[in-house]
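This is what each chain is made of:
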Amino acid sequence: MCLRTDLRWQSGNLDAIALGNVMAAELILIIEDNEKNLKLVRDLLQIKGYQTLEAGAAEPGIELARRYVPQLILMDIQLPGMDGVTALSQLRSDPVTAKIPVIALTAFAMQNERQRFRSAGFDGYLVKPINIRELLTAVGECCAQSTSHPGPLPAGEGGVASP
Ligand code: MN
């Protein structure tokens, strides 16, 4: 399962090592107040080689975004205090964080809510319970867009011995 995604990230890791920059893994901020969801998303991303930052509410999440400028933010909509839609508008109004892709994590699946997330300016949304394949596909696409990917390794450079 997810073979293509796995190969892509293995290739990305090889590129990072070849460049002598093992800390090049994308940094992803997760803003989610549900501990089980947070743990699931964090564990999946870390297994795939991403670095993660975490916040359980919007305000500390926005602070982390300003300080570390992650490649991607996964934003729960229903948060204690400030909700995810308001948090997105604050991120977009700050030049430091305005360009960071933000994917909504939401329990809402109704069509009018989807429209609300689109018009609010989210770069995508994932419906909870989180589907692992959908999560990794969305994360991979956002990170590919937000960073200059070096492309595939040149043929014959992989050290594969000829028979
Ligand atoms: Mn929540």
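Residues numbered from 1 in each chain as written. Predicted model: local features only at pLDDT ≥ 70, side-chain atom pairs only at ≥ 80, totals over all residues.

Contact pair helix α3 (residues 58-68) / helix α4 (residues 84-93): the axes reach a minimum separation of 10 Å and the direction vectors enclose 25°. Accordingly, the angle class assigned to the pair α3 and α4 is roughly parallel. In this structure, α3 meets α4 at a crossing whose hand is right-handed. Contact residues: Ala58, Gly61, Ile62 and Ala65 in α3; Gly84, Ala87, Gln90 and Leu91 in α4. For the contact of α3 with α4, the per-class residue count stands at five nonpolar, three polar and no charged. (Axes fitted to C-alpha atoms, helices over the stretch in contact; angles between N-to-C directions. Helix = DSSP H or I, 4+ residues; strand = E, 2+ residues; numbered from the N terminus. Parallel < 35°, antiparallel > 145°, perpendicular 65-115°, else oblique. Left-handed = near helix turned anticlockwise from the far one by under 90°. Contact = placed C-beta atoms within 7 Å. Nonpolar A, V, L, I, M, F, W, Y, C, P; charged D, E, K, R; others polar.)

Before going further, it helps to spend a moment on the environment of leucine 105. Within the secondary structure, leucine 105 sits in strand β4 (residues 102-106). Here leucine 105 falls in the buried class, since 23 other C-beta atoms lie within 10 Å of it. Not counting residues up to four positions away in its chain, the partners in contact with leucine 105 are Glu32, Leu74, Met75, Asp76, Ile77, Leu126 and Lys128. (Buried ≥ 20, exposed ≤ 12 C-beta atoms within 10 Å, placed from the backbone.)

Bridge count for strand β1 (residues 27-31) against strand β2 (residues 51-55) is five bridges, and the pairing is parallel. The partner of isoleucine 28 across the bridge, within β2, is threonine 52. As a crossover connection, the stretch from β1 through helix α2 (residues 35-47) into β2 is right-handed. (Pairing = 2+ DSSP bridges. Right-handed = clockwise from strand over helix to strand, strands pointing away.)

As a further point, take unusual backbone geometry. A cis amide bond links lysine 128 with the next residue in sequence, proline 129, at an omega value of 5°. On the secondary structure map, proline 129 appears in the loop between β5 (124-127) and α6 (132-146). Of note, valine 69 is a non-glycine position whose phi angle comes to about 40°, a positive value. Tracing the backbone shows valine 69 in the loop between α3 and β3 (72-76). With 13 C-beta atoms packed within 10 Å, valine 69 lands in the partly exposed category.

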